[in-house]
Amino acid sequence: MTGEPIRKMTTSCGYDERSAPPPSFCGPYLPVSDDEIETFNDILSDEIDSDFTSSICCCEHCYSDFREHWPDVAFRGEEFQSQNMDADYLIENSRVIQLYSAAEISTLKHLVKCPRCLTLGVRKVWIFEHRFSDAPTIERAIEQLLVVGTRTPFLMLEHPFALEVLRNIRQRAELAPAVRLKGAVFRARSLQSVTELSQKPESILTYGVPPASKVGEGRFNHAGHAMLYLASSQETAAAELGIPGEPCAVAALNLRDPVRVLDLVEIDDLEPGFEILDAVAKSALLAAPLKVEGWVKRQYVFSRFIADCARAAGFDAIRYGSTKLVNGFNYVLLSPADDISASMSLISVETVTCPAASLRW
Ligand SMILES: [Zn+2]
């Protein structure tokens, strides 16, 4: 570096008064005031905006919490996965380094602040920008709705966010034409289950909805109300069974009639309701993997709420991302016929081994 650094930190210092070193710091450090720390973080944030058109979305302290709120971002978001780096690396490769002296940088690099959890002195950052705005407000709504959905699910519609979701789904329904699905859809059955029930893998009836008495709560269906879950590919259908290594029969099916689809995979940002539906699709309200324990399981309540909204608005199906395969997506038919052969024709059946789920970050 040549010449004098542009910035000089000379104001009186909070650390000096508190006699406390910066967090996670060892060795000598310069006294730094709170204002100087804010200014440094503002400049760093502008640099990230200019280099990545993005911002810090979480740090090592709030990474798990971010992932719990936004499971689809952590699972599917290539940007989120690839743009994580040490705070030191980020600073050394930005123009911030030209604005301060080496001694100042050696102190300030220990004072990077996470804008999400406000922890000072973070060592690792993830750079990612949601496509919708005001993530903190939506995160609070997610937390509240997961509690309401568990304790008093019938009162969910009192929550402004849930009302907004309903309003936007209704608005979308007014614009959504019925379309013929491009290509086949796939449905898998475990060979063991098919054999135990004395069913025939080559019969289309084997891939229909189970009887109401056997239908438990699912991601979109209430207990006792069967919906038909279909996948975009043979591999996704097999992975969705959640029995890696086990053999299964996968039927390729053709849906005869056009359907009105609420698309939560490719949400056009020019259509009404983009912000709220994109947030829902990426969040724990819709995209959490099923876990036997832990708070994420509660999100099935909200996805069933979405299905109710979609059905009432006139949609026949919802298209949503697979929580098993990164590149896979699924359809759920909201009111399938009891007899699958009335609405679909069987193209082929293949026996495959169920693949393992994609790695979760
Ligand atoms: Zn954080």
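Read on for an overview of the structure. Just so you know, these numbers come straight off a predicted model, no measurement behind them. Starting afresh in each chain, residues are numbered from 1 along the sequence in its written order. Since the coordinates come from a predicted model, pLDDT governs what is reported: local features require at least 70, and pairs of side-chain atoms require 80 or more to be given and counted, while whole-chain, interface and lining totals use all residues. In computing side-chain properties, one takes all heavy atoms of the structure into account and sets aside hydrogens as well as water.

### Things to note about the environment of Ala317
Going by this rule: Helix and strand assignments follow DSSP, with helices taken as H or I runs no shorter than four residues and strands as E runs no shorter than two, numbered in order from the N terminus. Exposure classes here rest on a 1.4 Å probe applied to the protein chains alone. A residue is buried below 20% of its type maximum, exposed above 50%, and partly exposed in between. Throughout, a residue-residue contact means that at least one pair of heavy atoms, one from each residue, lies within 4.5 Å.
Within the secondary structure, Ala317 is located in strand β8 (residues 317-321). Taking relative accessible area as the criterion, Ala317 reaches 1% and is therefore assigned buried. Linking Ala317 and Tyr229, residues 88 residues apart in sequence, is a C-alpha distance of 9.6 Å. Among residues more than four places away in sequence, those in contact with Ala317 are Arg260, Val261, Leu262, Val332, Leu333 and Leu334.

### Some details on the packing of aromatic side chains
In plain terms, the rule: The pairing test for Phe, Tyr and Trp rings, Trp by its six-membered ring, is centres within 6.5 Å, and the orientation test on the planes gives stacked under 30 degrees, edge-to-face over 60, and tilted for anything in between. For a Lys NZ or an Arg CZ to count as sitting over a ring, it must be within 6 Å of the ring centre and within 35 degrees of the ring normal.
Taken as a whole and assessed by the stated rule, the structure comprises 10 aromatic pairs. Where Phe80 meets Trp126, the ring centres are 6.5 Å apart and the plane angle is 20°; that geometry is what we call stacked. Placement of the pair is Phe80 in helix α5 (residues 78-82) and Trp126 in strand β3 (residues 124-127), with a sequence separation of 46 residues. Consider the rings of Phe302 and Phe305, whose centres lie 5.1 Å apart with planes at 45°: the pair is tilted. Taken together, the residues Phe302 and Phe305, both in helix α14 (residues 300-313) and three residues apart, mark about one turn of the helix. The burial state of Phe302 is the same as that of Phe305; both residues are buried. An aromatic cluster is present here, built from Tyr63, Phe66, Phe80, Trp126 and Phe128 joined pairwise through their rings. Here the basic side chain of Arg319 rests over the ring of Phe329, its NZ or CZ set 3.8 Å away from the ring centre.

### As for the layout of surface pockets
Applicable threshold: Every definition here rests on a 1 Å grid over the protein atoms only: cavities are sets of points where a 1.4 Å probe fits but cannot get out, pockets are open sets enclosed by protein on both sides within 12 Å along at least five of seven lines, and lining residues have some atom within 4 Å of a point. Grid points are joined across faces, edges and corners, and a volume is the space filled by probe spheres set on the points. Gly is placed with the polar residues, together with every amino acid not listed as nonpolar (Ala, Val, Leu, Ile, Met, Phe, Trp, Tyr, Cys and Pro) or charged (Asp, Glu, Lys and Arg).
The volume enclosed by the largest pocket comes to roughly 1400 Å³. Along its surface, the largest pocket is lined by 46 residues, and Arg187, Gly218, Tyr229, Glu240 and Leu241 are the ones closest to its centre. Of all the elements in the fold, those that place two or more residues in the lining of the largest pocket are β4 (185-190), β5 (228-231), α12 (234-240), α14 and β8. Counting residues per element, the lining of the largest pocket draws most heavily on β4, at five residues. Class assignment of the residues belonging to the lining of the largest pocket gives a composition of 21 nonpolar, 13 polar and 12 charged. Empty space within the second largest pocket amounts to approximately 490 Å³. In terms of lining residues, the second largest pocket is bounded by 17 residues, among which Pro177, Val179, Val261, Asp263 and Arg319 are the most central.

### Re helix α2 (residues 34-52)
Put simply, the rule reads: One less than the number of residues in a helix, times 1.5 Å, gives the span that helix is expected to have. Read the arc as the range of directions from the helix axis to the C-beta atoms.
Between its first and last C-alpha atoms α2 spans 27 Å; for 19 residues at 1.5 Å apiece the expected length is 27 Å, and the two agree. The set of residues buried in α2 consists of Glu36, Ile37, Phe40, Asn41, Ile43, Leu44, Glu47 and Ile48. In a view along the axis of α2, the buried residues occupy a sector of 160°, so they form one face of it. Exposed residues lying more than 90 degrees from the buried face of α2 are Asp35 and Asp46. Thr53 lies just past α2 and shows a positive phi near 45°.

### Brief notes about the packing of helix α10 (residues 160-175) against α14
When two helices pack together, their arrangement is captured by the angle between the axes and the distance separating the axes. Inclusion rule: Here, axes are lines fitted to C-alpha atoms. For helices the fit covers the stretch in contact, and angles between N-to-C directions go from 0 to 180 degrees. Each crossing gets its hand from how the near helix is turned against the far one by less than a right angle, where anticlockwise is left-handed and clockwise is right-handed.
Running from amino to carboxyl end, α10 crosses α14 at an angle of 35°, the nearest separation of the two axes being 9 Å. Regarding α10 and α14, the two cross each other, and that crossing is right-handed. On α14, the residues touching Phe161, Ala162, Val165, Leu166, Ile169, Arg170 and Ala173 of α10 are Phe302, Phe305, Ile306, Cys309, Ala310 and Ala313. A per-class count over the contact of α10 with α14 returns 12 nonpolar, no polar and one charged.

### Some points on the pattern of salt bridges
Put simply, the rule reads: In what follows, salt bridge is the name for a side-chain nitrogen of Lys or Arg lying within 4 Å of a carboxyl oxygen of Asp or Glu.
Enumeration according to the criterion identifies 13 salt bridges in this entry. Across the salt bridge formed by Glu217 and Arg304, the nearest N and O atoms sit 3.3 Å from each other. Taken together, the residues span a long stretch of sequence, with Glu217 in the loop between α11 (191-196) and β5 and Arg304 in helix α14 at a distance of 87 residues. Since its relative accessible area comes to 57%, Glu217 is described here as exposed. Taking the relative accessible area as the measure of exposure, Arg304 reaches 8% and is therefore buried. Look at the salt bridges and you will find they share partners, linking Asp65, Arg116 and Glu139 into a network.

### Focus: the side chain of Ser94
Our working rule: Contacts described as polar in this section are N or O atom pairs within 3.5 Å, which, within protein, must combine one atom able to donate a hydrogen with one able to accept it, while residues neighboring in sequence count only if both atoms come from side chains.
For Ser94, the position within the fold is in the loop between α6 (87-92) and α7 (96-99). Given the relative accessible area of 8%, Ser94 is considered buried. Here Ile91 takes part through its backbone oxygen, which lies 3.0 Å from a polar atom of the side chain of Ser94. Of note is the side chain of Ser94, whose polar atom sits 3.2 Å from the backbone nitrogen of Val96. Leaving out residues up to four positions away in the same chain, Ser94 has contacts with Leu44 and Glu47.

### Side note on a negative patch on the surface
What counts, and what does not: The residues that make up patches have over 30% relative accessible area and no salt bridge, and they are joined within 9 Å when like-charged or within 5 Å when they are Val, Leu, Ile, Met, Phe, Trp or Tyr. Computed with the Shrake-Rupley method and a 1.4 Å probe, the accessible areas treat only the protein chains shown as cover for residues. None of His or the chain ends enter the tally, which takes Lys and Arg as positive and Asp and Glu as negative. Taken as the charge location is NZ of Lys, CZ of Arg, CG of Asp or CD of Glu.
A cluster of acidic residues, Asp42, Asp46, Asp49 and Glu129, forms a negative patch at the surface. Structurally, Asp46 is set in helix α2. On the basis of relative accessible area, Asp46 is assigned to the exposed category, the value being 54%.

### Considerations on the sheet that holds strand β2 (residues 84-86)
Note the threshold: What makes two strands pair is DSSP finding at least two bridges between them.
Strand order in this open sheet of three strands is β1-β3-β2, and the pairing throughout is antiparallel. Each edge of the sheet is formed by a strand with only one pairing partner; in this case those strands are β1 (56-59) and β2. Strand-to-strand twist in this sheet, taken as the mean axis angle between neighbours without regard to direction, amounts to 30°. Relative to β3, β2 runs antiparallel, the two being bridged by three bridges. Bridge pairing links Asn84 to Trp126 in β3.

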